[in-house]
Amino acid sequence: MDITQYFTDYTLRTITLGTAVLGAICGMLGSFAVLRKQSLLGDAISHAALPGIAVAFLLTGAKDSNILLIGALVSGLIGTWWIRGIVTKTHLKTDTALGLILSLFFGFGMLLLTYIQKQPNANQAGLDKYLFGQAATLVESDVILMSTVTGISLLVMLLFWKEFKLLLFDKNYAMTLGFNTKFIDGLISFFIVLAIVIGLQTVGVVLMSAMLLAPAAAARQWTNSLSVMVILAAIFGMFSGVIGTAISASQNNLSTGPVIVLVAAVFVIISFVFSPGRGILFKQLRLLKNRRELELQKTLYFMYSIVRKHDDISRPHAIRILNNFQGFTKGTLSQLEQKDWIVIQGTNWSMTPRGFDTAANLYNSNLPEQ
Amino acid sequence: MTQKIAVAVDDLTVAYNYKPVLWDIDLSIPEGVLMAIVGPNGAGKSTLIKSILGIIDPIAGSVTIYGKPYSRQRDKVAYVPQKGSVDWDFPTTALDVVMMGTYGSLGWIKRPGAKQKKQALEALEKVGMLAFKGRQISQLSGGQQQRIFLARALVQNAAIYFMDEPFQGVDATTEIAIINILKELRKAGKTVIVVHHDLQTVPEYFDWVTFLNVKHIATGPVKDIFNDDNLTKTYGINYKVAVQQ
């Protein structure tokens, strides 16, 4: 297909818009899940939503996605509630509770799906799209629903921004200030469940948590500000949706959900390697630079120990006397000169006042400034 | 003595999973003291503070702040949690954390403005951290993080300060800086209650002390009750003899 078709094709436009909105809301709310150290909660919730879809179908016999999604929402919320119950009422830790609920609900959901498939009315074709998602089934009403939910959660996030931040950073402190932390906590959880549920049709229960976590994990690498992180995560999520849809549409209709998740994973890898503050690459470069800097300082300090013995600090000394010193090279000398720490004249070097000061204060940097 | 009672704890009992952590605590703290809570590990020192502040629900008992329940006196109380209780890799700056001290008086939804920022900057200056206001909090040293927490409580401008081990893992410079601020608070008539581990410094830093080991052992002026008898009752060993060995 060519590029013009991409912008004129109504179905494709709907799908692209849908996955973009979905990516944005997931990135936004995923930031909170990641910072709350509940990354796996998303995985548990999405799996917990499956039996809800099956039960909703069994009860109503309808394939209308909105009814099925209400079923997903209910069972997702029940799952979340049970996880909290297990953690607060027993000695079990969160990871155990998540694992338990995830497999229990998913198993039950699969059981119901196979049961439905054996039913004679066989109207079930399409329910299994909720396993891995099928973006191609998105229609305009789905996109409107997604956009509405995104709009509402954006509004709530802006209203309660201060409360969300406080709760995520220091829950006990938030309590002492008089904030109802259960309410704030519940609000965040509710919107995470909502985001997951509206994504099920597109990405599916199995991969949904990646939509939530990948953009947030990538965004965290680029910034130390919560607001920038949330915005970046939304942008990464949005582009994952758009690029993923484009790739899947142009490549013989590859399954959209997995492609979107893979694109999001590429964002994560790029961020882990190339982000300036926390990325592996720049960390290594900084390490190397620091090492060179230290070597330079070591040489300077050695020179300082020679210069110190004389009254006149600018008195020239032969370069030769440095030869026994480890780590000294011609490069080091010229770098020292570049920094205006020493002056080189022929085969001699002499220290500048600036170099002398720097050397004298090299190892005092950890003391408070006077 | 006509001193007002700042904090009164009555028959407080707290348990985690059936095991009592605090047993029938009766305690009254007069206004204007700088008080250490001492006791061995697991004595319930942090739990006592947390249940006074309503973070932990007690099984029985009640707490009053200036004669009224805590829920109606929040604006009179500030809290400095243990430094290790939060994730310092959280994406925020020192100034932003200190601003959180103003959230309680702001209430729901309202955003901090120029006035709150000014208060936060003043508190940062008091703890000697103004130069680090824009610093990501993970790039601060342990002592600096503790100062940020202290500044956050100072912003609350409370009458009573609860601090959970503010000297843990900080160097001598920070320790002196913090104790000077605490002494200043007392001079200004505030009540300061500190969970403290270093028995050596109790007589030097504090004027009031509570001995705690699940049960309440003694509370009073350091010069009257900080003695061998109470130390032995609290720690189960003859402390001074043990130190001298």
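Our subject in this report is the structure included herewith. (Residues numbered from 1 in each chain as written. Chains lettered and ligands numbered in written order. Predicted model: local features only at pLDDT ≥ 70, side-chain atom pairs only at ≥ 80, totals over all residues. Heavy atoms only, no water.)

Here the structure, examined in full by the defined rule, presents 14 salt bridges over all chains. A salt bridge links A:Lys162 to A:Glu163; the nearest nitrogen and oxygen atoms lie 3.2 Å apart. As far as burial versus exposure is concerned, A:Lys162 and A:Glu163 are alike and both buried. A salt bridge links B:Asp207 to B:Arg186; the shortest N-O distance between them is 3.1 Å. Here the residue B:Asp207 occupies a position in the loop between helix 7 (202-205) and strand 9 (208-213), and B:Arg186 occupies one in helix 6 (residues 172-187), the gap between them amounting to 21 residues. Judged by relative accessible area, B:Asp207 falls into the partly exposed class, the value being 26%. Each of the salt bridges in this network shares a partner with another, and the network as a whole consists of A:Arg36, A:Arg84, A:Lys171 and A:Asp185. (Salt bridge = Lys/Arg side-chain N within 4 Å of Asp/Glu carboxyl O. Buried < 20%, exposed > 50% of the residue type's maximum accessible area, 1.4 Å probe, protein only. Helix = DSSP H or I, 4+ residues; strand = E, 2+ residues; numbered from the N terminus.)

With that settled, the discussion passes to the packing of aromatic side chains. All chains considered together, the criterion is met by 18 aromatic pairs over all chains. Ring geometry for A:Phe160 and A:Phe164: centres 6.4 Å apart, planes at 25°, overall stacked. Neither residue differs from the other here; A:Phe160 and A:Phe164 are each classed as buried. A centroid spacing of 5.1 Å and a plane angle of 55° characterise the contact between A:Tyr304 and A:Phe356, whose relative ring orientation is tilted. Of this pair, A:Tyr304 sits in helix 14 (residues 280-307) while A:Phe356 sits in helix 16 (residues 353-360), and the two are 52 residues apart along the sequence. What makes A:Tyr304 buried here is its relative accessible area of 9%. Put simply, the rings of A:Phe32, A:Phe160, A:Trp161, A:Phe164, A:Phe179, A:Phe183 and B:Trp108 touch in pairs and so form one group of aromatic residues. The cationic tip of A:Lys162 hangs over the ring face of B:Tyr103; the distance from NZ or CZ to the ring centre is 5.6 Å. (Phe/Tyr/Trp six-rings, centres within 6.5 Å; stacked < 30°, edge-to-face > 60°. Lys NZ or Arg CZ within 6 Å of the ring centre and 35° of its normal.)

So, about the interface of chain A and chain B. Between chain A and chain B, the contact holds 30 residues from the first and 35 residues from the second. Carbon and sulfur atoms make up 63% of the area that chain A and chain B hide from each other, which totals about 2800 Å². It is A:Lys162, A:Phe169 and A:Tyr173 in chain A that bury the most area against chain B; as a group they hold 28% of the surface buried on that side. Our count for the chain A to chain B interface comes out at 5 salt bridges. Counting every contact that joins chain A to chain B gives 14 residue pairs in polar contact (both at pLDDT 80 or more). For the side of chain A that touches chain B, the elements supplying multiple residues, two or more each, are helix 7 (140-159), helix 8 (161-169), helix 9 (171-176), helix 10 (181-203) and helix 12 (226-250) of chain A. No other element matches the 7 residues that helix 8 of chain A contributes to the side of chain A that touches chain B. The class makeup of the residues in the side of chain A that touches chain B is 16 nonpolar, 7 polar and 7 charged. (Contact = heavy atoms within 4.5 Å. Buried area = accessible area lost by both parts, 1.4 Å probe. Polar contact = N/O pair within 3.5 Å; in protein donor to acceptor, adjacent residues only side chain to side chain. Nonpolar A, V, L, I, M, F, W, Y, C, P; charged D, E, K, R; others polar.)

Another aspect to go through is the sheet that holds strand 3 (residues 34-38) of chain B. All names here are of chain B. Read from one edge of the open sheet, 6 strands run 6-7-8-3-9-10, paired in mixed fashion. Every interior strand has two partners, whereas the edge strands, strand 6 (77-80) and strand 10 (215-221), have only one. Strand-to-strand twist across the sheet, computed as the mean angle between neighbouring axes with direction ignored, equals 15°. Judged from the 4 bridges that link them, strand 3 and strand 9 form a sheet pairing that is parallel. (Pairing = 2+ DSSP bridges. Axes fitted to C-alpha atoms, helices over the stretch in contact; angles between N-to-C directions.)

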